[in-house]
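# Residue-level structural notes
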2 protein chains.
Amino acid sequence: MSKTYEYPRPALTVDIVVFALDEEDLQVMLIQRDLAPFEGRWALPGGFVRVDESLEEAGRRELEEETGLKDIYLEQLYTFGEVTRDPRERVVTVAYYALVNLAGHDIHASSDARNAAWFSLNDLPELAFDHDQILATAHTRLRGKVRYQPIGFELLPRKFTLRQLQHVYEIILGRPLDKRNFRKKVLSTGLIVPLEEIEQDVAHRAARLYQFDNRKYARLSKQGFHFEI
Amino acid sequence: MSKTYEYPRPALTVDIVVFALDEEDLQVMLIQRDLAPFEGRWALPGGFVRVDESLEEAGRRELEEETGLKDIYLEQLYTFGEVTRDPRERVVTVAYYALVNLAGHDIHASSDARNAAWFSLNDLPELAFDHDQILATAHTRLRGKVRYQPIGFELLPRKFTLRQLQHVYEIILGRPLDKRNFRKKVLSTGLIVPLEEIEQDVAHRAARLYQFDNRKYARLSKQGFHFEI
DNA sequence: CCACAATAGTGTCAGTGAAACACTAAGGGG
DNA sequence: CCCCTTAGTGTTTCACTGACACTATTGTGG
């Protein structure tokens with residue numbers, strides 16, 4: 001299986017920043033390393049790109065192998081290629097970020113028996129390699145992107161209340177939003193459709209459930225529509 | 001110099017989309033290939049990443065080797081890694097885009113004796129590999145980015161008239177802008193400072209020259225300032 | 001069953017920014 | 001000196017943003 005090349009090549013990996021949301025704040029999925037270097041440190045899930053799979057395929061495969069997550073929103077973030085970012089040898093990594101809703105997915109211990117866990121962005125352990133930098137880049141991108149692309153929905157279940165949606169935006173943007181203005185703006189896009197359903201098992205007036213209209217968004221996007229919160 | 005690895009590795013390259021502007025439209029720098037595959041076809045400048053240089057260093061090195069361009073605005077675009085994008089073997093490429101002003105740089109034939117030339121985006125030859133896709137991605141990014149980051153200046157000489165600046169925006173955005181509104185908006189940022197100088201050798205009333213205040217922009221950026229046209 | 005607690009849901013007004021719009025000023029060329 | 005070309009300048013209208021407070025509904029507990 002070994003292979004010889006005329007010139008030395010950097011190793012190529014993918015790393016994935018998986019974001020989720022709980023009541024309090026943004027969470028990120030980390031894996032505890034069981035090998036040197038950085039043994040015992042927490043790191044982003046990821047691994048080597050095989051020669052017969054695309055970068056995104058590699059990202060999805062590694063994510064499922066290490067955390068059990070699949071069928072999630074995944075987008076390329078940036079490629080990190082500083083010469084010394086890995087102490088062993090030259091490693092270039094293509095970073096992706098992913099958004100999941102905590103309720104919809106089981107996160108299980110990885111197949112490699114490594115430890116996988118969610119961490120609040122406000123309470124992170126020290127990370128291996130340059131993963132703190134990758135994470136910071138992902139966080140910045142998320143904050144920027146959420147304002148002009150409808151990706152907030154990826155962090156929620158398919159049916160959600162406007163309160164939940166506002167909460168998503170408040171946590172990502174890091175500031176409170178006005179309820180009435182938020183509802184006006186969101187509904188005025190026509191992309192959030194009300195359902196004939198209300199939330200269940202709450203100890204107060206139940207809120208109406210809404211759903212994001214993906215097809216309408218796809219149609220509008222092609223016409224140069226510009227979503228904005 | 002050859003090297004053996006336990007597992008096969010994709011080759012890693014960088015490709016650069018260099019934009020410039022003439023009176024009419026956006027131009028891109030292409031190189032005519034003198035080797036198979038796609039011999040004789042036009043392609044983006046680029047080449048292999050060495051193990052002892054970062055990705056951006058590789059991009060700048062290749063660009064200077066192949067086109068003579070240096071000290072220009074360069075930013076990472078996207079990493080393309082489809083399995084079959086190169087017919088020879090698995091090649092992953094980190095794409096960058098660059099902005100230059102035509103007047104300020106000499107573009108010379110490459111050291112590899114390959115042919116380098118500017119092409120209008122509206123009149124492109126067929127490109128090698130997936131370079132048409134890379135170019136399209138770069139064009140989209142440029143159009144998006146120009147609206148909320150002051151990169152339009154990179155396409156102009158250091159001293160420019162407001163007419164020239166408006167022209168840059170009109171060509172990138174692909175639509176005419178109102179002269180008075182444009183001037184108001186641009187000047188209201190305080191980042192474009194008037195000089196005690198006017199343009200020379202024009203057959204009509206000469207316009208005042210302006211200059212972008214990089215230091216002020218850097219200062220404002222840190223404070224979360226949001227440039228927008 | 002009634003009072004309370006908790007969240008859902010709704011409209012207006014003021015201020016700000018965006019877009020539309022046309023004329024006078026300056027300078028070179030013939 | 002007339003003409004051509006581009007520079008340079010303000011106002012008004014309209015739409016959108018942000019600030020702001022009360023009533024409605026439902027479950028809980030005494």
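The structure under discussion appears in the preceding block.
Attention in this report is confined to the structure presented alongside it. (Residues numbered from 1 in each chain as written. Chains lettered and ligands numbered in written order. Predicted model: local features only at pLDDT ≥ 70, side-chain atom pairs only at ≥ 80, totals over all residues. Heavy atoms only, no water.)

## Considering helix H2 (residues 131-148) of chain A
Residues and elements named next belong to chain A. We apply this condition: Here a strand is any run of E in DSSP of at least two residues, a helix any run of H or I of at least four, and the numbering for each starts at the N terminus. An expected span of 1.5 Å times one less than the residue number is assigned to each helix. Burial classes follow relative accessibility: with a 1.4 Å probe on protein chains only, a residue under 20% of its type's maximum area counts as buried, one over 50% as exposed, and anything between as partly exposed. The directions considered for the arc are those from the helix axis to the C-beta atoms. Throughout, a contact is declared for two residues whenever any of their heavy atoms are within 4.5 Å.
The end-to-end C-alpha distance of H2 is 26 Å, a good match for the 26 Å that 18 residues give at a rise of 1.5 Å each. Along H2, the residues classified as buried are His131, Ile134, Leu135, Ala138, Leu142, Lys145 and Val146. Burial along H2 is one-sided: seen end-on, the buried residues are contained in an arc of 100 degrees. Where H2 is buried, its residues touch strand E2 (11-21), strand E3 (26-32), strand E4 (42-43), strand E6 (73-80), strand E7 (91-99) and helix H3 (162-173).

## Overview of the sheet that holds strand E10 (residues 192-198) of chain B
All names here are of chain B. To keep things clear, this is the line we draw: Between any two strands, at least two bridges found by DSSP are needed for them to pair.
Strands sit in the order E9-E11-E10 across an open sheet of three strands; the sheet is antiparallel. Two strands bound the open sheet, and with one partner strand each, they are strand E9 (159-160) and E10. Note that E9 and strand E11 (residues 208-212) share two bridges and pair antiparallel. Bridged to Phe160 within E11 is Tyr210.

## Overview of the nonpolar core
The test is simple: Residues belong to one nonpolar core when they are buried, are Ala, Val, Leu, Ile, Met, Phe, Trp, Tyr or Cys, and are joined through side-chain atoms within 4.5 Å.
Counting 45 residues, the largest nonpolar core has Val17(A), Phe19(A), Tyr97(A), Leu165(A), Tyr169(A) and Ile192(A) as the members making the most contacts within it. The biggest single contributor to this core is H3(A), with seven residues. Excluding anything up to four places from it in sequence, Leu165(A) contacts Phe153(A), Leu156(A), Phe160(A), Phe182(A), Val186(A) and Ile192(A). Listed in part, the 44 residues of the second largest apolar core include Val17(B), Leu162(B), Ile171(B) and Phe227(B).

## Things to note about the protein's contact with DNA strand D
Operational definition: If even one non-hydrogen atom of a residue comes within 4 Å of a molecule or strand, that residue is called near it. Pairs of N or O atoms within 3.5 Å make up the polar contacts considered here, provided that, within protein, one atom can donate a hydrogen while the other can accept it, and that residues adjacent in sequence are counted only when both atoms are side-chain atoms.
In the vicinity of DNA strand D lie 18 residues, with Asn181(A), Arg205(A), Arg163(B), Lys179(B) and Lys184(B) positioned nearest. If you look at DNA strand D and keep only atoms within 4 Å of the protein, 41% of those are sugar or phosphate atoms. At 3.4 Å from a phosphate oxygen of DNA strand D is found a side-chain nitrogen or oxygen belonging to Arg183(B). If you list the elements that add at least two residues to the surface near DNA strand D, you get helix H4 (179-188) of chain A together with helix H4 (179-188) of chain B.

## Considering the interface of chain A and chain B
Often, the extent of an interface is quoted as the loss of accessible area upon association of its parts. Quick reminder of the rule: Buried area, as used here, totals the accessible surface that two parts lose on assembly, with accessibility defined by a 1.4 Å probe and the loss added over both. Any Lys or Arg side-chain nitrogen found within 4 Å of a carboxyl oxygen on Asp or Glu counts as a salt bridge. Three classes are used: nonpolar for Ala, Val, Leu, Ile, Met, Phe, Trp, Tyr, Cys and Pro, charged for Asp, Glu, Lys and Arg, and polar for all others, with Gly counted as polar.
Taken together, the contact pairs 31 residues of chain A with 31 residues of chain B. Summed over the three residues of chain A that lose the most area to chain B, namely Pro8(A), Arg9(A) and Val51(A), the buried surface amounts to 22% of that side. Our enumeration of links across chain A and chain B arrives at two salt bridges. A salt bridge links Arg9(B) to Glu89(A), with the shortest nitrogen-to-oxygen separation between them at 2.7 Å. Residues that form the side of chain A that touches chain B fall into these classes: 16 nonpolar, six polar and nine charged. Where strand E1 (residues 3-5) of chain A meets strand E1 (residues 3-5) of chain B, three bridges bridge the pair, whose relative direction is antiparallel. The residue bridging Thr4(A) from the neighbouring strand is Thr4(B), located in E1(B).

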